[in-house]
Every structure is written in structure tokens, then in C-alpha cells.
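Residue strings, one per chain:
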Amino acid sequence: MEPLEEKQEPNLLIDRRKFFKLLGGGLAVAFVLEDIFALAGESVTPTSALPANQVGAWIHISEDGTISVFTGKVEVGQNIRTSLSQLVAEELHVPLDSIKMIMGDTDLVPYDAGTFGSRSTPQMGTQLRKAAATARQALLDMAAKNWKTDSKTLKTEAGFISDSNGKKISFGQLTQGQQIILPIADQVSLSSSKDWKIAGKTIPKVNGRSFITGSHKYVSDMKLPEMLHGKILRAPSYEAKLVDVDLAAAKAMAGVIVVQEGDFVGVAASTVHLAEKALQSIKAKWEESEQPSRSEIFDYLVKNARNGKKEANADIVQSMASAELKHSAKYNIDYIAHVPLEPRAGLAQWTDGKLTVWTGTQRPFGVKQDLVNALNLPPDKVRVIMPDTGSGYGGKHSAEAALEAARLAKAAKKPVKVVWTRKEEFTWAYFRPAGVIEVNAGFKKDGSINAWKFDNYNSGNAGINTQYRIANQQNSYIPSKTPLKQGSYRGLASTANVFARESHIADMARMVDIDQLEFRLKNTDNDRLKAVLTAAAKSFNWSSKPPAGRGYGIACGFEKGGYVATCAEVEVLANKSVKIIRLTEAFECGAIVNPHHLENQILGGIVQGLGGALFEAIDFEKGKILNPSLSAYRVPRFKDMPKIEMVMLNRTDLPSAGAGEAPIVGVAPAIRNAILDATGTGLTVLPLLPTGKLA
Amino acid sequence: MRLNINGKAHEVAVEAGVDLLSVLRDYLDLTGSKYGCGEGSCGACTVHIDGKPVRSCVIPAASVTRKSITTIEGLEVNGSLHTVQQAFLKADPFQCSYCASGMIMSAAALLKTNPSPSEEEIITAMNGNICRCGTYPNIIKAIQLASANK
Ligand code: FES
Ligand code: FES
């Protein structure tokens, strides 16, 4: 599976009657194609696709002053419920607590491709700001008309419009008895982030209390009347085919529903315990097939490269041949798992032929489409709802648990919930791709780079292009055959690509005896990159000399509008074990919407990066995962934390970009380069230290 | 069997061998305690048994019938938040918050026995709790805030 691309859903439906029936009267602002306003009639149904540069978003101001914001984006811990509320409150001039966010419900919100790629803030944030600004202007115009005055003499504050004499009316009162839909004005002027009062500030999670009291219902916590618990029969290894299955014992158990559709076999019962017992009673015969193991994976990926490696072009060959110095290396990157703390869960209910599924996914509309396809249903017969979920990190794009629950619920004629075990999550979800990256560089003694050839087998394209000034370069991604299911990950392939590139650059700097930081600054013209490098180095005190036995490393990258530089200090002990002493990361992604939540996301990226850098790796043999548990697959814990320092550069002159991805990329190469500095050894594998020690 | 949870007696019909976490979540709808691993490795299911932090996913419900069990739902007293919850609400440490209940239960147990723990002591006491979103440094700060507010 390739990192997922955006697909455009053909229909964007706004049914005016339904909309106001649901919400009551008031003023709505939506992205709609303009010609629909020319249509007479009650029901407004634009059927053409949303232009690629637009995202769907609706804002509704009800008569009681509640502001409902509809977005297909979902909350997986990145705190966009809060940051998007802040942006709307800021533009609309309303108190933050008057805003209700309706997120990721495919029956209520406009189509959205999904919450990934750090696009929520730049795209959805901007769109919602425009919608809110459009609404505010419309309200001003309405009040001006009522009061027979010029709207420029009026002002909006905290949900009210007032004139200079102190006459006041609330937004809700103003819209009373009306049903107005307005298109989002593309040219509407937005507030300047320099003047922000609500946005740009540290505000705690808007629904924070529900989490610290345990009252928030994640999908795995949900319960419907008569609900059954589902369990699925799993194959003993990947690609195994079901040859024979004996369901008699399970079917004989009271209160147990058994479903078989091809290789899909599942049971549902009133308790998890009973469902498990029923599952255990099933005797299945599987035909297993030959599958590669981890010990051979890197050769396998190179051997099975689909299009073969591209030969160097003439310029590269020539500049490589004439280079004063050359450096070649091969970097091997293991598969790793997302391990969201909440495993996949789906709760399905069929009512009068319509399927409703609650599931934790970053792509509610994608999951809806998958259900429509798999179950052969008309799109209006499927609704997917996504409550705030126990994280994703790019790992919850797929529909497995939702579909399993839907199949069982259909047969059971009762709601069914399927919650994956940790082992299932480790085995049947998907992984960050493994990869092999070959890098060949030709450069001069003064540190300038003439030739660069970078070949990535299997792990992907993201972050493959360099930020360095290199006369001749060729970066290619060579898809291969993957024995494990692979997919999107935080930062996609850039964790791998940046690791290989920044490791290589550090080696080259060392070969010509130039400081790692200086070498990078010398070879880039990108001012935003230089700014984060300089900021990180300054805060880290890069120019100091590391104490004996220690080393410093630095790495940088850019991803999805975010620029990052990371410095690391490591200590190598006499027994060769390595301790990460501290990390300093500077990050810039335009104007900051909520400093605390941004810092949280950077921190999250750094800590997840630590796991992938140091010890996370999926071990597998002959189509079986060997470490499918949290006791066998090590993730970062409290004790693994070095001292972490974050420097956020606030560029109020630039649009806000997301922070879900870039912060992770610098961690592994910075640590690797610090080990290089301390020992002279340049590691070429990820994870760097699966045993905690250098070999 | 009869379980004493959050100061209330609950009568539940449960097969032998079912773990306490499943009983809390599936039979009693006390879903504040979370499943993260089912093997005692992540701390998401932490509850207090007679005041001590315990991983409810690895103990049979039948083994605690005579004990006093407190879950995250029982930490609030008369609608007012426990000091640890107050501190966590204020410090806003989490991302997805799936680890929150377990973190708060472990932290509350720690502060009960050691009201002013050092950073080292916090790290040692909390090391069995995983936050996959990586908010550890924030959680340490929240615990320190709770400790200062005591
Ligand atoms: S679920 Fe009990 S420790 Fe992980
Ligand atoms: S905040 Fe997501 S697991 Fe801790």
C-alpha cells in the first residue's frame, strides 16, 4: 500500500431543508459552488466535486447564539478541536465556549479527505477562518440594514454587534426566524495573526475535563442497547488461505452468532468472554505460503524492486567521476508499528437498511467509501462517526474493525462492537515501510557538493528531495514488494529519507573536517532552514565542546510547511552502551495558533522519533510477527526521556502549517550523528541501538 | 460475585477467571479504565486496590472481592475533582488522552505515599505507564503541580 493519496468524492451534498431541520434557523456559511444559488427550490444539491484547492467546512449560527462548526477533520490528540475553535472564535468575535465542533460525522459534515499530512491547520484552519469572517461580515450587514446605518460604524464583540451609542444585539437574535445560507467569500479579509486575542494563545483542551475524569467515550468504550461483542478468526500467518473450517461447536453455543463469508469468519456474543470461547471452539485448517523473514528483508526489498534502479544520468556520472572526494553508503530501515494506545475499534448498527459505524479513523469518508464498496451499499446508506480517538500517527486510515463489526452486526441483527487486541493491532494493521537507501555523493574538499544520487527502495517518496544546493542530483524512490502490510506513518517516508540524507551529510562533513552545522549552513540557501538550524544550535550551545566520552550531532529537514533542526548530545559508556543526554529541537511552521498544543505536538514527534531511532523494530519470520506485544516491542517510556528542549519560531508573517510530521524527522539522524561525533562510528541502520549498546 | 467499587457494592455474574478490567468495562460500564495491552505492560488499566495501584487487566476479578476498588470514576468526590485531576486539567499535558486515566491513577497513588516526590521518584513510579503520544515531560510537570498544590 502506497502512502495514501487524496481521492475526490464525487458528491458534496448540502440539503438545505435537512440542514436547517437539524440545526434550526439561523445563518449558515458553507463552501458551496456558486451556481447553486441560482437554482430555485427548496433543496439545494450541488453535485459537482469540490475543487481540489478547497476543503469543505460549514459554520452555523443558531438563534440561541450557539456556533456550530462542521468539519470532516477528526481529533486524534493533535488538539485541533481546540485550535480550530480558537480560529473560528477569533474571526467571528465570539467567546470560545459558544463554539460546538462537529467533527468526522459523514452524515453531518462536508466531505473531507482525511486528517493527515499536517493539513488540518493550513487548509481547514484557513477555510474556517474565511467562513467565520464571511459570517461576521454578513451579520454586520444585517444589523446595519436593520438599524439603517453603515456597517462600518458597527463593531462585533463577544457574540454581539453594537453601535457607537451602545445599542446592542446578539448574533443569535439577529438571525432569528431566518434560514440563510451564504457561500464562503474567498476574498474576505482575515484578522492579522499579530492581533490575535484567542487564537495564538495557550488554551487548554476545550473538552479536557471529559478525559481526566474518564468520562469521554472512545469507540472502544461505547455501548448500545443489546450490543454484542465480536471476535474474528485470524490466519496463522500472512497470506494463509482458509481451506476448511468447522463451525459446529460455535454455532451450538447459546447466544452466539457465527458468520462466515469466504475467508472471513467471526463470532458475536453478549460478552467478550463468551465470544472468545466461541472463537476457540472453531477448528480451522489453513494453507500457509512461503513468506520472507526479517533476516533477509533488506536483500529481498532490493531484489524485488518493481522497476529496477535508475542508472545515474550523464551529468551525475561525469560530476561523480571528477569529484575530489566520494562517499557511498547503504542505510537499512526496519518496519516499525504505530502502536496507537487505543487499538482499532468499530461499533456497527443497522437500522432499516442503513449502517452506522462508530470507529476511530483518520479518514471517516474513506472508511465510509470502503464500507460502501465492501458491502455493496448505496452511499446514503452508510454513516461513519468518529468520536475523539486514542491517537493514530498515520496508522488509522483503514477500515478493518469497522467492516468486521458491520458484517457481524448485519448477521446478528443487533449492534456489534469489535475491539482489536494489542496482538491484533500489531499483526493486522499496517506498518511504516522498511527500506533500503543507497546514497552516493561526490564533493569537494571545501565542502561543496557536486553530485548526489539517492535511491530509496520501498520506503517511499516523502522528504526525498534535498534542501541542499547540489549541482547534479538524482533522487529516486523504487517501489518494491513488501511482505508486510505497509502504509502511512507520521512524516511518511521522511523519517527514513531524512535519516539517510542527514547521516550521509554528517559523514561528508567529517571527511573534510568541517563542523556539521557549518557544513549544512554552507550548503543551503533556504533561509527558513538556516533559521531553525541556527536557533537549535544556539539554544543547544553547539559551539561548546562536548565533555569526554560524549558527542554532539545535528540534523535538519522540512516537511509539509514545517522546518526543523534537531541537536543531540549522547554519552557512550565504557561498556559501549549509549545514553541520550539531551535533545534540542527548533521548529517553525508559520504563525503559531496555540503555543502549548504546538509544543505538545513537537514533543510527541520527538518522543515517537526516539523509539524509531533507538529500538523500535518489527520482528517477523515466515509470515508471523514475533513481537506483537508491548512487552516484546519496546516503545519509549518515562525512563527513556533525555532532557528535551524545544524552540518554537513564530513567523506571524507566514500562514500556519501543521506540526504532525516534521518534528519527528530530525531525531534519529541527530542521535546517529552524535554517536559519530563521540566514537567515529557512523551507524547505517534504523533502529540504531536495538540492544542499547554499540556492537 | 460481589465487588466493592468506588464505595458501592456491585453484584456481577461473571465466569471464573475473567480479569477485573473486563468486568469494570464490559459488565459495569465503568469504561474510564482503558485496555492498552492486556498483559500489565502499559498501565492504561490502572486502578487502586485498597489504595495501591494495580493493573486491572492481569488480576482476576474474583481475587479482589473483599477489597476496596477505586477507578478513575471514583476519584472525584461529590463532584469535585481530586487534586491530581485538578492539576492535570490545568497543566493540560495530554494529546489523545487515552493514557490519562492510568496516568492519573498511578500519580494519585504515588502522591498518597510520597506527597513530594523528586523527579527521579516520579519517573521510577510512573515508568510502567505508557503514553504513546509521548507527553511524558508534560505529565511529570502535571504531577509536580499536583504535588505543589497539596
Ligand atoms: S491494559 Fe493493563 S497494563 Fe496495559
Ligand atoms: S496522550 Fe495519547 S497515549 Fe498519552
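Residues numbered from 1 in each chain as written. Chains lettered and ligands numbered in written order. Predicted model: local features only at pLDDT ≥ 70, side-chain atom pairs only at ≥ 80, totals over all residues. Heavy atoms only, no water.

### Overview of the interface of chain B and chain A
Cut-off, in case you're wondering: What makes two residues a contact is simply this: any of their non-hydrogen atoms within 4.5 Å. Here's the idea: put two parts together, see how much 1.4 Å probe accessible area each one loses, and the total over both is what we call buried area. By salt bridge we mean one thing: a side-chain nitrogen of Lys or Arg within 4 Å of a carboxyl oxygen of Asp or Glu. Only DSSP runs of H or I covering at least 4 residues are called helices, and only runs of E covering at least 2 are called strands; the numbering of each starts at the N terminus. Three residue categories are used. Nonpolar comprises Ala, Val, Leu, Ile, Met, Phe, Trp, Tyr, Cys and Pro, charged comprises Asp, Glu, Lys and Arg, and polar comprises the others, including Gly.
Across the boundary between the two partners, chain B contributes 52 residues, which contact 55 residues of chain A. When chain B packs against chain A, the two sides together hide about 4400 Å² of surface, and 55% of this comes from carbon and sulfur. Our count for the chain B to chain A interface comes out at five salt bridges. In this structure, A:Glu616 engages B:Arg132 in a salt bridge whose closest nitrogen and oxygen atoms are separated by 2.9 Å. Among the secondary structure elements, those contributing two or more residues to the side of chain B that touches chain A are α1 (20-27), α2 (83-91), α3 (100-113), α4 (119-126) and α5 (136-149) of chain B. At five residues, α5(B) tops the list of elements feeding residues into the side of chain B that touches chain A. For the side of chain B that touches chain A, the residue count by class is 26 nonpolar, 16 polar and ten charged.

### Description of the domain arrangement of chain A
Residues and elements named next belong to chain A. Let me state the cut-off plainly: As used throughout, domain bounds are those supplied by an automatic or database domain assignment. For the purposes of these results, a polar contact is taken to be a pair of N or O atoms within 3.5 Å, where, inside protein, one atom must be able to donate a hydrogen and its partner to accept one; residues adjacent in sequence count only when each atom of the pair is a side-chain atom.
Taken as a whole, chain A is organised into domain 1 (4-213), domain 2 (220-288 + 344-419) and domain 3 (304-335 + 431-686). In this assembly, 24 residues from domain 1 lie in contact with 18 residues from domain 2. Between domain 1 and domain 2, roughly 1700 Å² of surface is buried when both sides are summed, and carbon and sulfur atoms account for 53% of that area. Along the contact surface separating domain 1 from domain 2 lie four salt bridges. Close ionic contact of Arg81 with Asp388 constitutes a salt bridge, the shortest N to O distance being 2.6 Å. Across the contact surface, domain 1 and domain 2 share seven residue pairs in polar contact (both at pLDDT 80 or more).

### Quick word on the pairing of strand β24 (residues 550-559) of chain A
In plain terms, the rule: In this scheme, a residue with accessible area under 20% of its type's maximum is buried, one over 50% is exposed, and one in between is partly exposed, where area comes from a 1.4 Å probe on protein chains only. Pairing between two strands requires that DSSP report at least two bridges joining them.
When you tally the buried positions in β24(A), you get eight out of ten residues, the bulk of the element. Linking β24(A) to strand β25 (residues 562-572) of chain A, which pair antiparallel, is a turn of two residues; within it A:Lys560 sits at a positive phi near 50 degrees.

### A look at the pattern of salt bridges
Scanning the entire structure with this criterion turns up 32 salt bridges over all chains. Across the salt bridge formed by A:Lys217 and B:Asp29, the nearest N and O atoms sit 3.8 Å from each other. Taken as a pair, A:Lys217 in the loop between α5 (208-212) and β9 (228-232) and B:Asp29 in the loop between α1 and β3 (46-49) lie in two separate chains rather than in one. The class of A:Lys217 is partly exposed, set by a relative accessible area of 32%. Residue B:Asp29 is classed as partly exposed on the basis of its relative accessible area, which comes to 35%. Notably, a salt bridge pairs A:Arg234 with A:Glu424, separated by 2.8 Å at the nearest N-O pair. Here the residue A:Arg234 occupies a position in the loop between β9 and β10 (241-246), and A:Glu424 occupies one in helix α12 (residues 422-428), the gap between them amounting to 190 residues. Classification of A:Glu424 by relative accessible area gives buried; the value is 10%.

### Looking at the packing of helix α16 (residues 595-614) of chain A against helix α18 (residues 667-679) of chain A
All names here are of chain A. Quick note on the threshold: To get an axis, a line is fitted to the C-alpha atoms, and for a helix only the part in contact is used. The angle between two axes follows their N-to-C directions and goes from 0 to 180 degrees. Roughly parallel means an angle under 35 degrees; roughly antiparallel means over 145; roughly perpendicular covers 65 to 115; every other angle is labelled oblique. Crossing handedness is read from the near helix: turned anticlockwise from the far helix by less than a right angle, it gives a left-handed crossing, and turned clockwise, a right-handed one.
Running from N to C, α16 and α18 cross one another at 55 degrees; their axes reach a closest spacing of 8 Å. Put simply, α16 runs oblique to α18. In the packing of α16 onto α18, the handedness of the crossing is right-handed. Seen from α16, the contacting residues are Ile606, Gly609, Leu610, Ala613 and Leu614; seen from α18, they are Val667, Ala668 and Ile671. Among the residues making up the contact of α16 with α18, the classes are represented as seven nonpolar, one polar and no charged.

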